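Here is what each chain is made of, one letter per residue.
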Amino acid sequence: MSEGAYQRLWEASHATLEEVLEKEPSLLEPVPSRERQSFQYRLSVHYLYYLGLLRRFDMTYDQMVQPQKRRLLRRLLDGVAGRVLELKDELVRVDFCEIHCLDQVLQDLKLTPADLEVPIPKYFQLEQSSAMKARQQMLADILSRLEPLMSQENLRGMSRTEALILVQSAERARQGRLRATFMREIRKEEEHDKKVRENGRQRFSQDQGALVIQKVWKGYLQRKRIAQDRRSEMEFIGMIPSPNQTERISILNQALLAEESRRIRQAEKEEEFKDAIGKTHESLTETEGPDMKEKMKDQIRQWFIECHALTGRFPDYPDEASGGSYLIFADKTPEQVRLELEIQAQENKKKEQERSKEKERKKKKKKTKDEKSRKEPDVTFKTLPSKSIPIINAGHEEYTSLWKSRYDNKHPSQNFDSETLREEKRKEVEQEIRAQVDELMRQELKNLRLAVDKEETRPLKLPKKKAAKKTGKKKRDRDLTADRSMDSLFEELVVIGLIKKNMLVALSDYIGDCLYLGSTLTLANKMPMPSLFDIRQNVALYGVLRLGSHDIHSMAPHVRSILLVGPSGMGKKMLVHAVCTETGANLFDLSPGNVMGKYPGKNGAQLLVHIVFKVAKVFQPSVIWIGNTEKTFYKKIPKEEKRMDPKRIKKDLMKATKQLSPGDRVMLIGTTDRPQLAELKGLCRFYERILFMPRPDYASRYVLWKHMIEKRGTQLTQSLDISALSRVSDGYTPGHILQAIQSVLTDRRLMQVPKKPLVASEFVGHLAKLDPVYREEEEILKDWYFKTPLGKKNMKFIKDQQEEEARLAKEKKRRK
Ligand SMILES: Nc1ncnc2c1ncn2[C@@H]1O[C@H](COP(=O)(O)OP(=O)(O)OP(=O)(O)O)[C@@H](O)[C@H]1O
């Protein structure tokens, strides 16, 4: 695609954005609880629109070359991502759960399930800072240094006798196998001879023989032709993929190459632009600077004189904090400026008085409100004020005023626009020169006062520094490792095994299809369970988008920790690794098993948590993974685990997590398959979001089988009934499915596939050897989930709804 194509895409996105922004204020109006459904519908529509915008802005930002436009696009992209996260939070508040059935909205907007996918901005990986890359290199270096040591530890010596026995048994096995093959062949020959002797040879005439051969050959040819016709028809109607993959792959490769070459051009143009920024700044300072300086001085002098003529005294010079002499240039008379300054001082005083009064008033109000709410629960829905909308608005305005109505929009240039750059830089230079002029003019004003009014120096009004808040914040915690460098702490954590190298796996590798009938199930009063697709989206929203960019993190509602709950093999660990891969985050492993014995002693746990959080914050983004997190929150520690002391770090962990603030890109991810063993309150208080992962449904199992088999390098054929496999694998997790595939598709079997196609029955035997997720286990997990705060709310909401429906039905009956 060309620069023009991306320009058109950008224009189309802004047309949609304008529509959405117009409707934004309507979401802020409170809506009574009975209109919950329509409110949820409006929220969903906005959510889907913003998701689409995020996808398009990401594509345009990734491929557009013009550096000034890219800067604006980046702001818009981050703003829209922030808004998506805000809307997700709103949806959770309205739906009382982490999954949202958007199938109906999807249909109404004429979108496809692929539009529900949360796009991960490509710049997360492409624009990783040099510091992040250096850190990854450092980790690789340390690990490579440790590797020989570890492999030496693992290498167990072998005695001479043991080695001899091993070699002898291998040799005997080889000879045995040879002899067996030899004997089998002899036996076969004997059997064949015996048969010939018994039956005697069948005699055919020449014609009969020719007939037999023709029959067999023609039958074979016809069968082959029919299979070919059938295959090409299926390909034609799109039921099976075309075997000519090379053509498809070469087209894809070409597209990828074109994208890559645009990225290279981006880097070149960015370099040029950076050069131009410096040069423009210099040239403006040299050419226009002196003029600007003189003009400013004249204007300020004029102001001094006018003020003196009007009020009989020289004015106070505005201090630096309030913008210096810039205040005078904002189209105001000197009198107005002076008055404003005085009024401002008075207002500040008033505000402080009012604030203290308001606090008292609020306290009283809260009391009465509490009493009221106890009497009549009145639920209303409205969205919270957004942090990202002002940023999106500003970006949209900049686009409209600067880029929308350009004459060259049809064939836009990839070069930067020097006029726009000069305009921007002029403002900057003006500010710098104003600061210098202010300094000079303050001195001049002092001299004038002395010479004209014989006035000694007036005390300069310094803005009062806000008194440090006494209430609330306690003293900052003591730094236990103040004398250590960050690099040495990092190295220590790697050596000790608390920082690990994450497995490279993309979030898109977490396979799973979405639930297509969510709304229908809800209408039938059946609670839809999260699909693997929902889980992937939630991890993208809570984990990846928040950690990937500092700007998005500080804009989005703050989430410090998430908990993944599901049976073993559901891919919890895989998701943790995927978050690290997509965002380039460090992986800290604070699982109880891994923490055991590290930093022992009374204050060891405190030191451990302190170092981990310190390094995680400095080298952000970071993921702190707590596997088997139920152990850290055990209700009762089992006897056999007492030695491990799994709750050792709990207190310090909770304290340190609370201290994470917006902008600290550190996320705690807990994983567990037995949450019922932990104390519910502590676990739910610690983890802000809980994502429940039940076993996969039919649709997900279907795509899992298909993808996993294809990933092993085989083409699916008609002989393999994936649908049947998906049916019989009900109750099995993706981990089980993967295990079954790995056991069947050995290298040997893969080589045989062209001659002997795969069939479903091959997999069933291996699957049957594995233990599925039993109904009881799943019921326990579900029961646990409905005891969590959000689960409880959900249950209550459904119960209320059912009661309401029953009441309405009764009333209807009575009326009849
Ligand atoms: N949705 C999925 N798509 C592709 N692969 C998956 C999926 N879910 C799980 N897997 C694969 O299944 C295997 C098991 O997953 P993983 O170890 O992450 O599960 P887990 O839930 O953490 O298990 P445990 O609770 O036993 O630690 C991994 O190899 C993972 O790659």
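Residues numbered from 1 in each chain as written. Predicted model: local features only at pLDDT ≥ 70, side-chain atom pairs only at ≥ 80, totals over all residues. Heavy atoms only, no water.

## Here we look at the overall build of the protein chain
Alright, step 1. Helix and strand content of the protein chain: 29 helices and eight strands.
Alright, step 2. A total of 816 residues make up the protein chain; the buried ones form 39% of that total.
Alright, step 3. Considering only intrachain contacts with a sequence separation of at least 6, the fraction spanning at least 24 residues in the protein chain is 84%. (Helix = DSSP H or I, 4+ residues; strand = E, 2+ residues; numbered from the N terminus. Buried < 20%, exposed > 50% of the residue type's maximum accessible area, 1.4 Å probe, protein only. Contact = heavy atoms within 4.5 Å.)

## Things to note about unusual backbone geometry
Alright, step 1. A cis amide bond links Gln620 to the next residue, Pro621, at an omega of 5°.
Alright, step 2. Here Pro621 shows up in the loop between α20 (604–618) and β6 (622–626).
Alright, step 3. Within the chain, Lys110 stands out as a residue other than glycine whose phi angle is a positive 60°.
Alright, step 4. Its place among the elements puts Lys110 in the loop between α4 (103–108) and α5 (123–126).

## Digging into the UniProt feature "domain: ATPase AAA-type core" (unreviewed entry) in the protein chain
Alright, step 1. Using the residue numbers shown here, the UniProt feature "domain: ATPase AAA-type core" (unreviewed entry) corresponds to residues 562–690.
Alright, step 2. As annotated, residues 562–690 has a helix share of 36% and a strand share of 17%, and its two end C-alpha atoms lie 6 Å apart. (UniProt positions renumbered as here; feature names shortened; annotations may be inferred.)

## Concerning the sheet that holds strand β5 (residues 586–589)
Alright, step 1. Ordered in space as β3-β5-β6-β7-β4-β8, the six strands form an open sheet in which the pairing is mixed. Strand pairing shows two members of the sheet lacking a second neighbour, β3 (499–500) and β8 (689–692), which therefore form its edges.
Alright, step 2. Together, β3, β5, β6 and β7 (666–672) form the strand contacts of α20, whose direction differs from that of β6 by roughly 145°. (Pairing = 2+ DSSP bridges. Axes fitted to C-alpha atoms, helices over the stretch in contact; angles between N-to-C directions.)

## Some words on the environment of Ile305
Alright, step 1. Summarising the element assignment, Ile305 is placed in helix α10 (residues 289–311).
Alright, step 2. Given the relative accessible area of 54%, Ile305 is considered exposed.
Alright, step 3. Separated by ten residues in sequence, Ile305 and Pro315 have C-alpha atoms that sit 9.4 Å apart.

## Focus: the nonpolar core
Soluble globular proteins tend to bury their nonpolar side chains together.
Alright, step 1. Among the nonpolar cores identified, the biggest contains 98 residues, and Tyr50 and Trp705 are the most heavily contacted of them.
Alright, step 2. The dominant element in this core, judged by the number of residues it contributes, is helix α3 (residues 67–95), at twelve residues.
Alright, step 3. Phe619, Leu660, Val666 and Leu781 belong to the second largest nonpolar core, which has 45 residues in total. (Core = buried A, V, L, I, M, F, W, Y, C linked by side-chain atoms within 4.5 Å.)

## Examining the pairing of β7
Alright, step 1. In terms of burial, β7 is a largely internal element, seven of the seven residues being buried.
Alright, step 2. Sheet topology note: the strand β4 (residues 561–565)/β7 ladder contains five bridges and is parallel. Across the sheet, the residue bridging to Val565 is Thr672, located in β7.
Alright, step 3. Of the strand pairs in this sheet, β6 and β7 are connected by five bridges, and their pairing is parallel. In the strand pairing of β7, Ile624 is matched with Leu668.
Alright, step 4. Running through helix α21 (residues 650–658), the crossover from β6 to the neighbouring parallel element β7 is right-handed. (Right-handed = clockwise from strand over helix to strand, strands pointing away.)

## With respect to the site of the ligand
Alright, step 1. Taken together, the neighbourhood of the ligand is formed by 17 residues, with Ile511, Ser568, Lys572, Lys573 and Met574 sitting nearest.
Alright, step 2. Measuring from an oxygen atom of the ligand, one finds a backbone N or O atom of Met574 at 3.0 Å.
Alright, step 3. Coverage of the ligand by the protein amounts to 76% of the 630 Å² it exposes when considered alone.
Alright, step 4. If you list the elements that add at least two residues to the shell around the ligand, you get α18 (572–583), α23 (698–711) and α25 (734–744).
Alright, step 5. Partitioning the shell around the ligand into residue classes produces ten nonpolar, four polar and three charged. (Near = heavy atom within 4 Å. Polar contact = N/O pair within 3.5 Å; in protein donor to acceptor, adjacent residues only side chain to side chain. Areas by Shrake-Rupley, 256 points an atom, 1.4 Å probe, with all protein chains shown as cover. Nonpolar A, V, L, I, M, F, W, Y, C, P; charged D, E, K, R; others polar.)

## Side note on the side chain of Arg135
Alright, step 1. The topology assignment puts Arg135 in helix α6 (residues 130–154).
Alright, step 2. Here Arg135 occupies a buried position and makes no salt bridge, while the nearest side chain of opposite charge, Asp487, is found at 8.7 Å.
Alright, step 3. There is a polar contact of 2.4 Å between the side chain of Arg135 and the side chain of Asn586.
Alright, step 4. Non-local contacts of Arg135, meaning those with residues more than four positions away in its chain, are made with Phe490, Gly584, Asn586, Phe619 and Gln620. (Lys, Arg positive; Asp, Glu negative; His and termini not counted. Salt bridge = Lys/Arg side-chain N within 4 Å of Asp/Glu carboxyl O.)

## Some points on the pattern of salt bridges
Alright, step 1. One pass over the structure, following the stated rule, counts 35 salt bridges.
Alright, step 2. Among the salt bridges present, the one from Asp58 reaches Lys122, with a minimum N-O distance of 3.8 Å. One end of the pair, Asp58, is in helix α2 (residues 36–63); the other, Lys122, is in the loop between α4 and α5, with 64 residues separating them in the sequence.
Alright, step 3. The partner of Asp62 in a salt bridge is Arg263, with the nearest N and O atoms 2.8 Å apart. Here Arg263 lies in helix α9 (residues 245–287) and Asp62 lies in helix α2, a separation of 201 residues in the sequence. You'll find Asp62 and Arg263 in the same group, each marked buried.
Alright, step 4. The network of salt bridges with common partners includes Asp62, Glu259, Glu260 and Arg263.

## What about a positive patch on the surface?
Alright, step 1. A cluster of basic residues, Lys351, Arg355, Lys359 and Lys363, forms a positive patch on the protein surface.
Alright, step 2. Looking at the secondary structure, you find Arg355 in helix α11 (residues 334–375). (Patch = residues over 30% accessible without salt bridge, like charges linked within 9 Å, V, L, I, M, F, W, Y side chains within 5 Å. Charge placed at Lys NZ, Arg CZ, Asp CG, Glu CD.)

## Focus on the state of the cysteines
Alright, step 1. Under the criterion given, the structure shown has zero disulfides.
Alright, step 2. As a non-bridged cysteine, Cys101 has Cys97 as the owner of its nearest cysteine sulfur, 7.0 Å distant.
Alright, step 3. For Cys101, a relative accessible area of 23% puts it in the partly exposed group. (Disulfide = S-S within 2.5 Å.)

## Description of the pairing of β8
Alright, step 1. Every second residue of β8 is oriented toward a common face, with Arg689 and Leu691 on one face and Ile690 and Phe692 on the other, all of them buried.
Alright, step 2. Sheet analysis places β4 next to β8, joined by four bridges and oriented parallel. Across the sheet, residue Leu564 finds its bridge partner in β8, namely Leu691.

## Topic: α20
Alright, step 1. Look at α20: 21 Å from first C-alpha to last across 15 residues, which is about the 21 Å you get at 1.5 Å a residue.
Alright, step 2. Within α20, eleven of the 15 residues are buried, which leaves the element mostly enclosed by the surrounding structure. (Expected span 1.5 Å × (residues − 1).)

## As for the packing of α3 against helix α16 (residues 532–548)
Alright, step 1. The N-to-C vectors of α3 and α16 enclose an angle of 140°; their axes lie 11 Å apart at closest approach. By the angle between their axes, α3 is oblique relative to α16. As α3 runs across α16, the sense of the crossing is left-handed. Where α3 abuts α16, its residues Val84, Leu85, Lys88, Asp89 and Val92 lie against Asn538, Leu541, Tyr542, Leu545 and Arg546.
Alright, step 2. Looking at side-chain class alone, the contact of α3 with α16 contains six nonpolar, one polar and three charged residues. (Parallel < 35°, antiparallel > 145°, perpendicular 65-115°, else oblique. Left-handed = near helix turned anticlockwise from the far one by under 90°.)

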